[in-house]
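Inside the fold
This is what each chain is made of:
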Amino acid sequence: KIEAAASARGLNTRRMTSGAGQDAQMMARICPTAMIFVPSIKGISHNPREYTPDEGCVAGANVFLDVVIEMAGVQKRRLNDDILLTGAEYFAELVK
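Conventions adopted
Residues numbered from 1 in each chain as written. Predicted model: local features only at pLDDT ≥ 70, side-chain atom pairs only at ≥ 80, totals over all residues. Heavy atoms only, no water. Helix = DSSP H or I, 4+ residues; strand = E, 2+ residues; numbered from the N terminus. Buried < 20%, exposed > 50% of the residue type's maximum accessible area, 1.4 Å probe, protein only. Contact = heavy atoms within 4.5 Å. Areas by Shrake-Rupley, 256 points an atom, 1.4 Å probe, with all protein chains shown as cover. pLDDT = per-residue confidence, 0-100. Salt bridge = Lys/Arg side-chain N within 4 Å of Asp/Glu carboxyl O. Patch = residues over 30% accessible without salt bridge, like charges linked within 9 Å, V, L, I, M, F, W, Y side chains within 5 Å. Expected span 1.5 Å × (residues − 1). Polar contact = N/O pair within 3.5 Å; in protein donor to acceptor, adjacent residues only side chain to side chain.

**Let's talk about the overall build of the protein**
- Within the protein, the secondary structure is distributed over 4 helices and 2 strands.
- Each helix (α) and strand (β) of the protein, taken in turn from the N terminus, gives the series α-α-α-β-β-α.
- Looking at the protein residue by residue over its 96 residues, the buried ones come to 18%.
- Put simply, of all contacts in the protein between residues at least 6 apart along the chain, 36% involve residues at least 24 apart.
- Element-wise, carbon and sulfur atoms account for 54% of the exposed surface of the protein, whose accessible area totals about 7800 Å².

**Let's talk about the confidence of the model for the protein**
- Within the protein, residue pLDDT values average 84, and 79% of them lie at 70 or more.
- By mean pLDDT, the top-scoring element of the protein is helix α1 (residues 2–8) (93), and the lowest-scoring one is strand β1 (residues 77–78) (60).

**Comments concerning the pattern of salt bridges**
- For the coordinates displayed, the defined rule picks out 3 salt bridges.
- Close ionic contact of R9 with D66 constitutes a salt bridge, the shortest N to O distance being 2.5 Å. Of this pair, R9 sits in the loop between α1 and α2 (23–27) while D66 sits in helix α3 (residues 54–72), and the two are 57 residues apart along the sequence.

**Quick word on a nonpolar patch on the surface**
- A contiguous nonpolar surface patch, about 290 Å² in accessible area, is contributed by M16, M35 and F37.
- Its place among the elements puts F37 in the loop between α2 and α3.
- On the basis of relative accessibility, which here comes to 43%, the residue F37 falls in the partly exposed class.

**Considerations on α3**
- Taking 1.5 Å of rise per residue, the 19 residues of α3 would be expected to cover 27 Å, and the 26 Å separating its terminal C-alpha atoms lies within 8% of that figure.
- Those residues of α3 not exposed but buried are G56, A59, G60, V63, D66, V67 and I69.

**Description of unusual backbone geometry**
- In this structure, K42 is a non-glycine residue whose phi angle is positive, near 60 degrees.
- Taking the relative accessible area as the measure of exposure, K42 reaches 79% and is therefore exposed.
- Even without being glycine, H46 reaches a positive phi, approximately 55 degrees.
- Mapping H46 onto the fold places it in the loop between α2 and α3.

**With respect to the side chain of S40**
- Relative to the helices and strands, S40 is located in the loop between α2 and α3.
- Among the residues examined, S40 registers a relative accessible area of 16% and is labelled buried.
- Of the polar contacts made by the side chain of S40, one reaches the side chain of E50; its length is 3.4 Å.
- Apart from the residues lying within four places of it in its own chain, the contact partners of S40 are E50, Y51 and T52.

The structure is reproduced here in structure tokens:
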């Protein structure tokens, strides 16, 4: 689902293994898990010099939102008589 959501937004994906002992590692014992990574400048992570531009953070958050909306079964919603929005677009309008 994550790869499909990222691809739908025109983002590149790559399957990776995390060795950092994330919560997903523990949860994987009882249910399917996945994580969304966004690229950091120079590939630095888990370090005070780690930096990811806002655009990368927003892209990752939007992928997460798209997956949650899909898993929640939210389809298209009507904003008004003329505008029909996808789940993500609808929620974005609600928080403006």
